[in-house]
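Observations on the model geometry
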Amino acid sequence: MQPAPIPKNEKKRLISLHKLGLLDTKPEERFDRITRTATKIFNAPISTLALVDSKREWFKSVCGIDQKEGDRAVSFCGHALLANEIFVIPDTTRDKRFSDNPMVIGKPYIRFYAGVPIINADGERIGVFCVKDIKSRKFSKDNEEMLENLATWAELEINSRNLSLALSEERKMRARLETQTLELENAKIAASNVLEDLSIEKSKVEIARAKEEAILLSIGDGIIATDEKGNITLINKVAEKLLDIKSEKVIGKVFSEVLLLTDEKGVPILLDKRPTSMALATTTTTTTGPSYYYERKDKIRFPVAIKVTPIILDKKIIGTVEIFRDITQERESDKAKSEFVSLASHQLKTPPTAIKLLTERILSGKTGELTEKQKGYLNDVYSETQHSIEIVNALLSVSRIEMGPFAIQLSKKDICEVVQNVLHELKPAIDRKHLRLKEMHLKKKIIVPIDETLLTIALNNLITNAINYTAGGGAICVECKEIRKGETFGEKLLAENSFVVAVADTGYGIPKSQQNKLFAKFFRADNAREKQPAGTGLGLYIVKSILNNSGGSVWFTSEENKGTTFYVAIPMTGMKAKVGKKELVDI
């Protein structure tokens, strides 16, 4: 017997495998569906999805035997892991490598084996998808192609978990950033409290000032304090390092003379538009985003996030405290994440698209007659593949939204007709759930400049959500109305003449405590996840992005267990055209 070989990159491979977090986890239907499908398609008694650990092969899914894992050294999958193509053993008793293998001479008496390596998003081989038989058999090219397609399906399910883990890490990172922001707010409150003690007696003023400086100097972000005239009174070590200046050379000088703030194109920000100037002119906190840059004397520029708070004593502004940080790494990280999602989505889109086309071809009967059972299995494959494609397309749309402006191309269209076309496409889905559909369209044509594709994507998402989150036998109402400037519709006052589409359902509704998060990326309400486990939480984020970028608006009203109404408003003057490098993917 020939032991299973160990690859040269074993250490790196094992790290990649363990990062997936799949070893020793409970069975999952999404994997078991694949192994069941394999046993039916090939009429083979055994199929496994094996993850190859350091000394064992562990079955994430197994059909046909009760075994959960096996010795890697004597495993067939240990050999298949290193194969550059499908690994087939027609008759194990005639193969010198396996003829005396314990699984050949003993239970389960394996006589045939065919396996395909499973590769994760890191490009590492982490397991094998295979079928086994207790009889020797031949394996045709068509059989090989089908097994490779099923292995690709398994790869897609494994890698989708990898993406979910990445998104979970992103959420944890955001939570940490929110905690840090809260700590900074608490530090500013403490600094303000110290400054309020200036009105007490002279001896305490010096102590309060010492405390103030100690707090400000110890904060990890850049700190610059000014008096009521804008003269710099304090600058901490972090700010000195970031701006390449010395505190002794700038203390007492007006902030605008020593700190050059520019926009993305390098154009200096006007004095009255600078955050410190605005804070000195008002009693509210002024916050700016990553569109501002600090420029040093050596011409090095870096993007900053700034928060300036006025210091108020006896209702008078006596100065400001500015907290800023270099967000270069954050922007690069956000760009890298968006590029990764885009790249990963593109790569993940190819296999399911190929599976979908192959499945369509087989279902069409071009490759031969199918039994009803075979059609059922293939329809399952087709349905799951289409769902995977929709997830990938949603990720692609989000990455394109975040990587820069997307194109908005206008043409004059009858909006009522666009709404009716969307309903026509979704009518089969409405009928399948036995939902009552009520349409209330304007009798006249409403011709408005719109991007038909983008509006269709937005309406399709909203009506599809109404279908998915309404129980069978419920009702959906789609209403088109002209709303005049100053009129209220859906509890909102319209600021301009608008064409409004209202999509109402009698579904599960949205919990009141979670309504303010509904348009956030990846957010799904608790009852939505309970009723419909499948979902990305990206649809409403995409709808909001489309309408915000095109001059429209979207809002909703909802009551839990009674239903939800979404409103889409397009100005009667039309959507706003925009030049962009990318077009959104129709999901």
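What counts, and at which threshold
- Residues numbered from 1 in each chain as written.
- Predicted model: local features only at pLDDT ≥ 70, side-chain atom pairs only at ≥ 80, totals over all residues.
- Heavy atoms only, no water.
- Pairing = 2+ DSSP bridges.
- Helix = DSSP H or I, 4+ residues; strand = E, 2+ residues; numbered from the N terminus.
- Axes fitted to C-alpha atoms, helices over the stretch in contact; angles between N-to-C directions.
- Contact = heavy atoms within 4.5 Å.
- Salt bridge = Lys/Arg side-chain N within 4 Å of Asp/Glu carboxyl O.
- Buried < 20%, exposed > 50% of the residue type's maximum accessible area, 1.4 Å probe, protein only.
- Disulfide = S-S within 2.5 Å.
- Polar contact = N/O pair within 3.5 Å; in protein donor to acceptor, adjacent residues only side chain to side chain.
- Phe/Tyr/Trp six-rings, centres within 6.5 Å; stacked < 30°, edge-to-face > 60°.
- Lys NZ or Arg CZ within 6 Å of the ring centre and 35° of its normal.

**Some remarks on the sheet that holds strand S20 (residues 553-559)**
Strands pair in a sheet through their backbones, by hydrogen bonds, and they do so in one of two ways: parallel or antiparallel. On the basis of which strands lie adjacent, the open sheet formed by five strands has the order S14-S16-S19-S21-S20 and mixed pairing. Only two strands of the sheet have a single neighbouring strand rather than two, namely strand S14 (436-440) and S20. For this sheet, the mean angle separating the axes of adjacent strands, direction not counted, is 15 degrees. Here helix H13 (residues 415-432) sits on the sheet in contact with S14, strand S16 (475-483) and strand S19 (498-505), set at roughly 175 degrees to S14.

**A closer look at the pattern of salt bridges**
Applying the stated rule across the entire model yields 24 salt bridges. With its nearest N and O atoms 4.0 Å apart, the salt bridge here joins Glu-295 to Lys-299. Look at Glu-295 and you get buried, because its relative accessible area is 15%. The exposed category is assigned to Lys-299, whose relative accessible area is 61%. Note that Lys-427 is salt-bridged to Asp-431, the shortest N-O span being 2.8 Å. In this pair, Lys-427 and Asp-431 are both assigned in helix H13, four residues apart and thus about one turn of the helix distant. What makes Lys-427 partly exposed here is its relative accessible area of 35%. Owing to a relative accessible area of 39%, Asp-431 belongs among the partly exposed residues under this scheme. Beyond isolated ion pairs, a larger network of salt bridges with shared partners links Asp-24, Asp-53, Arg-56 and Glu-69.

**A short note on the state of the cysteines**
Chemically, a disulfide is nothing more than a covalent bond linking the sulfur atoms of two cysteines. The full count for this structure, using the stated rule, is zero disulfides. Looking at the unpaired Cys-416, the closest cysteine sulfur is the one in Cys-480, lying at 4.8 Å. Owing to a relative accessible area of 3%, Cys-416 belongs among the buried residues under this scheme.

**Considerations on the environment of Cys-130**
One can find Cys-130 in strand S6 (residues 125-133). For the pair Cys-130 and Ile-86, spaced 44 residues apart in the sequence, the C-alpha separation amounts to 9.5 Å. Those residues in contact with Cys-130, other than ones at most four positions away along the chain, are Ile-46, Ser-47, Thr-48, Cys-77, Tyr-113, Ala-114 and Gly-115.

**With respect to the side chain of Asn-120**
With respect to the secondary-structure elements, Asn-120 resides in the loop between strand S5 (112-119) and S6. By relative accessible area, which is 4% here, Asn-120 ends up buried. Among the polar contacts made by the side chain of Asn-120, one reaches the main-chain amide nitrogen of Asp-122 at a distance of 3.1 Å. The contact partners of Asn-120, leaving out residues within four places of it in the chain, are Ser-16, Leu-20, Ile-126 and Asn-159.

**Considering unusual backbone geometry**
Residue Pro-108 is reached from Lys-107 by a cis peptide bond, and omega for that bond is 5 degrees. Inspection of the secondary structure puts Pro-108 in the loop between helix H4 (102-105) and S5. Located in the positive-phi region is Tyr-109, a residue other than glycine, with phi close to 60 degrees. Structurally, Tyr-109 can be placed in the loop between H4 and S5. Not every positive phi belongs to a glycine, and Asn-561 is a case in point at roughly 70 degrees. Relative to the assigned elements, Asn-561 resides in the loop between S20 and strand S21 (563-571).

**Some remarks on the packing of aromatic side chains**
This structure, assessed with the given rule, holds 13 aromatic pairs. Seen in terms of ring centroids, Phe-87 and Tyr-113 are 6.2 Å apart; in terms of plane orientation they differ by 70 degrees. Their pairing is edge-to-face. Of this pair, Phe-87 sits in strand S4 (residues 87-89) while Tyr-113 sits in strand S5; the two residues are 26 residues apart in sequence, bridging distant segments of the chain. Of the two residues examined, Phe-87 and Tyr-113, each falls in the buried class. An aromatic cluster is defined as three or more aromatic residues linked by ring pairs; in this entry it consists of Phe-76, Phe-87, Phe-98 and Tyr-113. Over the face of the ring belonging to Phe-112 we find Arg-137, whose NZ or CZ atom lies 5.3 Å from the ring centre. When the ring centre of Tyr-293 is taken as origin, the NZ or CZ atom of Arg-301, which lies over that ring, is 4.4 Å away.

**Examining the environment of Phe-112**
Along the chain, Phe-112 falls in strand S5. Considering only alpha carbons, one finds Phe-112 and Ile-89, 23 residues apart in sequence, at a separation of 5.7 Å. Once you skip the residues sitting within four places of it in the chain, Phe-112 turns out to touch Val-88, Ile-89, Pro-90, Thr-92, Val-131, Lys-132, Asp-133, Lys-135, Ser-136, Arg-137 and Phe-139.

**Digging into the pairing of S16**
Burial analysis of S16 places seven of its nine residues in the buried class, which makes it a mostly covered element. Pairing analysis gives five bridges linking S14 to S16, with the strands arranged parallel. Across the sheet, Leu-437 pairs through a bridge with Ile-476, a residue of S16. For S16 and S19, the ladder comprises eight bridges, and the chain directions are antiparallel. Of the residues in S19, the one forming a bridge with Ile-476 is Asp-505.

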